[in-house]
Amino acid sequence: MPRHVSQSLRTVRPSRQTVVPLPVGDAQFLCRRARAQQRRKAYAKAVRLLERALQLQPDDAEAWYQLAEVLAEAGRFAESNEALWRLQELCPQWADVWYFLASNYAYLGAYEEAEACALRYLEREPQGEYAALAHDLLEMVYEELHPADGPGVPPQHGSILQRHEHARALLEAGRFHGAQAILEDLVKAHPEFLPARNNLALAYYYTGRLEQAVATAEAVLAHDPHNIYALCNLAVFCVNLGDWPRLVRLTQQLVKLVPLQPEAMYKLATTLGLLGEHAHARFLFRKLLYWARMEEAPLLHFAAVAEYNTGHPEAARRLWEKAVRLSGDPVAAYYLQVMEEVDAGMRAAPDVLPYQHQIPLEAYEQVVLLAPQDLPEGLRNDPLVRASYLWALRFGDEATKRRVIEALAQLGDSEGEAALRQFLRDPDEADDLKVAAFLALLSRGGDGRLATPGDGAPEAEGVVFTPFSLVADWPPAWQEVLRLLMVHCGADRHNPVYREAVAVWCTYVFAERPEPRRIRKPAAWAAAVEYVAAQRAGQPVKQKELAARYGVASSAVSRIARLLRVTLAKP
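Everything quoted here is computed from the prediction, not taken from an experiment.

(A) Fine view of the overall build of the chain. If you tally the helices and strands in the chain, you get 28 helices and zero strands. By the burial criterion, 48% of the 571 residues in the chain qualify as buried. Residue pairs in contact within the chain that sit at least 24 positions apart in sequence constitute 55% of those at least 6 positions apart. Accessible area of the chain: about 28700 Å², with a carbon and sulfur share of 52%.

What follows is the structure, encoded as structure tokens:
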């Protein structure tokens with residue numbers, strides 16, 4: 001000590017030999033010291049302190065939890081899970097452990113284990129503190145799982161996430177009815193798996209079943225009132241239903257949210273853009289670009305649209321240029337060309353751009369005016385084109401529905417067939433439109449027989465059978481007329497007489513509902529139907545020959561034919 005320091009200070013200053021004892025045998029003290037080291041990100045020191053605390057108190061649940069937390073922050077996820085499993089043994093009633101395990105397994109790439117733990121948590125705590133995060137984690141995890149089967153073949157023995165991923169792939173491909181069937185099974189078997197419910201709501205929406213879409217979204221919100229995906233879906237549904245008061249409330253709720261998960265932020269940003277909240281959408285898209293470092297072509301395009309719609313065309317141009325530079329995105333290239341044409345005075349600047357990652361048609365609702373072969377290349381299987389067809393089939397006028405029925409028949413796939421089947425089951429649709437839909441199905445060949453499934457009757461190759469489910473509610477005699485036509489006409493979809501006969505008979509059946517005429521001799525009616533159909537198809541046949549082939553009297557064929565013509569002549 002310097003000589004000029006007074007003696008009084010010498011006496012006040014504590015001796016260097018003074019030792020303050022630390023409670024190194026106190027586990028709680030060690031845990032507090034570990035927390036301080038954790039805040040400084042000195043994870044190795046924190047782990048050593050916690051291990052010492054657990055040596056003193058091996059069954060200290062708080063210490064095990066803190067150790068798992070520190071190890072996870074340090075990126076030592078496998079060791080963190082070892083601590084969590086020990087914690088689960090000590091506190092089996094604490095459901096949150098399952099979420100922490102799921103999170104660690106996801107970081108380790110053990111997606112099956114992550115799925116199992118997340119679902120276990122949701123079973124225990126469907127509205128728990130981490131429920132929303134668990135659903136987000138499941139969304140993230142299933143994106144990492146890819147089913148071994150192709151997109152057209154559903155995985156038969158896959159996990160929940162594999163089947164859900166397959167359904168989501170069908171949605172993205174515009175196979176809405178196929179996705180709906182898978183998702184309905186998943187929701188029935190696993191009602192706590194909310195991502196499946198959210199996508200089922202979308203499947204209902206795309207097929208025009210708005211009431212069911214809304215009910216499904218509301219069911220999700222009953223489990224999780226803050227589920228971003230359900231809130232976004234419901235807002236879009238309200239736009240189509242014209243439920244403006246509810247839409248205002250939902251929008252006010254959505255603009256206040258800033259999700260932490262990139263996928264949820266993406267969903268919210270695109271939804272707010274669709275709702276016209278472009279400034280909020282721009283804010284979220286910017287966070288995704290600069291915080292989450294996501295630079296996929298669709299995101300770059302959506303961010304560019306948000307920039308343009310908020311009055312920043314140059315920022316939009318830079319994002320489109322980046323999308324073209326990174327992946328050669330044709331949509332971005334299209335909009336860059338639009339910008340050049342605007343600059344050159346060749347076209348007026350659009351007021352608002354749509355949040356759709358595709359080269360737009362002039363008016364998308366006009367798609368239904370085009371037959372599938374007339375669609376621009378690349379749009380025939382576009383999901384939005386298919387959605388336009390399905391919406392028009394449900395909500396269009398009669399002329400539009402007729403065009404859509406023809407278009408769905410020309411598409412020639414299971415999605416079109418499912419849409420036509422659903423149309424036939426709708427009691428509110430006009431009978432003549434149902435006849436057109438029935439014939440459209442017939443032109444595709446159907447997938448069943450006019451008999452109870454499992455009756456053992458063989459299917460002849462090249463023969464077209466009428467789907468039994470479509471005529472199951474007909475009186476037996478009416479079904480017998482159709483069966484006799486199939487037998488005697490040769491049920492080939494390329495046979496114009498057979499196709500016309502089915503059209504004639506279906507027209508008569510629908511005209512006679514709901515009080516069907518009693519038919520005592522189906523063979524006579526079938527012969528008369530073929531007689532009228534042959535004339536309408538330009539291939540007339542003699543009445544006596546037909547009567548002999550069906551084993552009935554010629555006079556009966558003549559009398560019934562007159563009845564059929566009267567019905568067909570009605571408007």
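On we go from here.
(B) Fine view of the nonpolar core. Counting residues in each nonpolar core, the largest one holds 166 residues, and the members touching the most others are Phe 285, Trp 320, Leu 485, Trp 505 and Tyr 550. Per-element tally for this core: the top contributor is helix H13 (residues 228-241), with 10 residues.

(C) Molecular detail of helix H2 (residues 27-39). With 13 residues, H2 should cover 18 Å at 1.5 Å per step; its first-to-last C-alpha distance of 19 Å lies within 8% of that length. Those residues of H2 lying buried are Ala 27, Phe 29, Leu 30, Cys 31, Ala 34, Ala 36, Gln 37 and Gln 38. Elements in contact with the buried residues of H2: helix H3 (43-56) and helix H4 (61-73).

(D) Structural view of the pattern of salt bridges. Applying the stated criterion across every chain yields a total of 13 salt bridges. The salt bridge involving Arg 282 is made with Glu 307; its shortest N-O contact spans 2.7 Å. Linking Arg 282 in helix H16 (residues 278-290) with Glu 307 in helix H17 (residues 297-309), this pair joins segments that are 25 residues apart in sequence. Measuring nitrogen to oxygen at the nearest pair gives 3.4 Å for the salt bridge that ties Glu 314 to Arg 317. One end of the pair, Glu 314, and the other, Arg 317, are both in helix H18 (residues 313-327), three residues apart, so they sit about a helical turn from each other. Among the residues examined, Arg 317 registers a relative accessible area of 14% and is labelled buried.

(E) The side chain of Asn 198, seen in detail. Among the structural elements, Asn 198 can be located in helix H11 (residues 194-206). The residues touching Asn 198, leaving out its near neighbours within four places in the chain, are Val 220, Asn 227, Tyr 229, Ala 230 and Asn 233.

(F) Structural context of the packing of aromatic side chains. Under the counting rule described, the total for this entry stands at 22 aromatic pairs. On the basis of an interplanar angle of 55° and a centroid distance of 6.1 Å, the ring pair of Tyr 99 and Tyr 121 is categorised as tilted. In this pair, Tyr 99 sits in helix H6 (residues 96-108) while Tyr 121 sits in helix H7 (residues 111-124), placing the two residues 22 residues apart along the sequence. For Tyr 121, a relative accessible area of 0% translates into the label buried. Where Trp 505 meets Tyr 508, the ring centres are 5.5 Å apart and the plane angle is 15°; that geometry is what we call stacked. Residue Trp 505 and its partner Tyr 508 are both found in helix H25 (residues 496-512); the two are separated by three residues, about one turn of the helix. Both residues of the pair, Trp 505 and Tyr 508, belong to the buried class. Feature note: the residues Tyr 65, Trp 94, Tyr 99, Phe 100, Tyr 121 and Tyr 130 constitute an aromatic cluster, connected by ring pairs.

(G) Up close: H6. Taking 1.5 Å of rise per residue, 13 residues should cover 18 Å, and H6 covers 19 Å from first to last C-alpha, within 8% of that figure. H6 sits mainly inside the fold: 11 of its 13 residues count as buried. Buried residues of H6: Asp 96, Val 97, Trp 98, Tyr 99, Phe 100, Leu 101, Ala 102, Ser 103, Asn 104, Tyr 105 and Ala 106, and no others. At the exit of H6 stands Gly 109, carrying a positive phi of roughly 80°.

(H) The confidence of the model for the chain, seen in detail. Per-residue confidence for the chain averages 77 on the pLDDT scale, and 77% of its residues sit at or above 70. Mean pLDDT across the secondary structure elements of the chain bottoms out at helix H1 (residues 7-12), with 41, and peaks at helix H14 (residues 244-254), with 94. Considering only residues more than four positions removed or in separate chains, one finds that residues 361-365, a stretch of pLDDT under 50, has 10 contacts.

(I) The layout of surface pockets, seen in detail. What the second largest pocket holds in volume is close to 550 Å³. In terms of lining residues, the second largest pocket is bounded by 21 residues, among which Tyr 99, Phe 100, Ser 103, Asn 104 and Tyr 107 are the most central. Here the element with the most residues in the lining of the second largest pocket is H6; it accounts for six residues. In the lining of the second largest pocket, the residues fall into 14 nonpolar, four polar and three charged.

(J) Local environment of a positive patch on the surface. On the surface, Arg 518, Arg 520, Lys 521, Arg 559, Arg 562 and Arg 565 cluster together to form a positively charged patch. With respect to the element layout, Lys 521 can be found in the loop between H25 and helix H26 (522-536). Of the residues examined, Lys 521 reaches a relative accessible area of 59% and is grouped as exposed.

(K) Quick peek at unusual backbone geometry. The phi angle at Lys 41 is positive, at roughly 65°, despite the residue not being glycine. By secondary structure assignment, the location of Lys 41 is in the loop between H2 and H3.

(L) Quick look at the packing of helix H9 (residues 160-172) against H11. With their axes 11 Å apart at the nearest point, H9 and H11 run at an angle of 25° to one another. Considering their axes alone, H9 and H11 lie roughly parallel with respect to each other. Viewed along their axes, H9 and H11 form a crossing whose handedness is left-handed. Of H11, the residues touching H9 (which contributes His 164, Arg 168 and Leu 171) are Pro 195, Ala 196, Asn 199, Ala 203 and Tyr 206. Taken together, the residues that form the contact of H9 with H11 break down as five nonpolar, two polar and one charged.

(M) Up close: the environment of Val 331. In this structure, Val 331 sits in helix H19 (residues 330-343). Spatially, the C-alpha atom of Val 331 lies 8.8 Å from that of Pro 298, the residues being 33 residues apart in sequence.

(N) Geometry of the packing of H11 against H13. Across the interface, H11 lies against H13 with an axial gap of 10 Å and an inter-helix angle of 15°. It follows that H11 is roughly parallel to H13 by the angle criterion. In the packing of H11 onto H13, the handedness of the crossing is left-handed. Mapping the contact onto sequence places Asn 198, Ala 201, Leu 202 and Tyr 205 in H11 and Tyr 229, Ala 230, Asn 233, Val 236, Phe 237 and Asn 240 in H13. Of the residues that constitute the contact of H11 with H13, the class distribution is seven nonpolar, three polar and no charged.

What counts as what
Residues numbered from 1 in each chain as written. Predicted model: local features only at pLDDT ≥ 70, side-chain atom pairs only at ≥ 80, totals over all residues. Heavy atoms only, no water. Helix = DSSP H or I, 4+ residues; strand = E, 2+ residues; numbered from the N terminus. Buried < 20%, exposed > 50% of the residue type's maximum accessible area, 1.4 Å probe, protein only. Contact = heavy atoms within 4.5 Å. Areas by Shrake-Rupley, 256 points an atom, 1.4 Å probe, with all protein chains shown as cover. Core = buried A, V, L, I, M, F, W, Y, C linked by side-chain atoms within 4.5 Å. Expected span 1.5 Å × (residues − 1). Salt bridge = Lys/Arg side-chain N within 4 Å of Asp/Glu carboxyl O. Phe/Tyr/Trp six-rings, centres within 6.5 Å; stacked < 30°, edge-to-face > 60°. pLDDT = per-residue confidence, 0-100. 1 Å grid on protein atoms, 1.4 Å probe; cavity = no way out; pocket = protein on both sides within 12 Å on 5 of 7 lines; lining within 4 Å. Points joined across faces, edges and corners; volume = space filled by probe spheres on them. Nonpolar A, V, L, I, M, F, W, Y, C, P; charged D, E, K, R; others polar. Patch = residues over 30% accessible without salt bridge, like charges linked within 9 Å, V, L, I, M, F, W, Y side chains within 5 Å. Lys, Arg positive; Asp, Glu negative; His and termini not counted. Charge placed at Lys NZ, Arg CZ, Asp CG, Glu CD. Axes fitted to C-alpha atoms, helices over the stretch in contact; angles between N-to-C directions. Parallel < 35°, antiparallel > 145°, perpendicular 65-115°, else oblique. Left-handed = near helix turned anticlockwise from the far one by under 90°.

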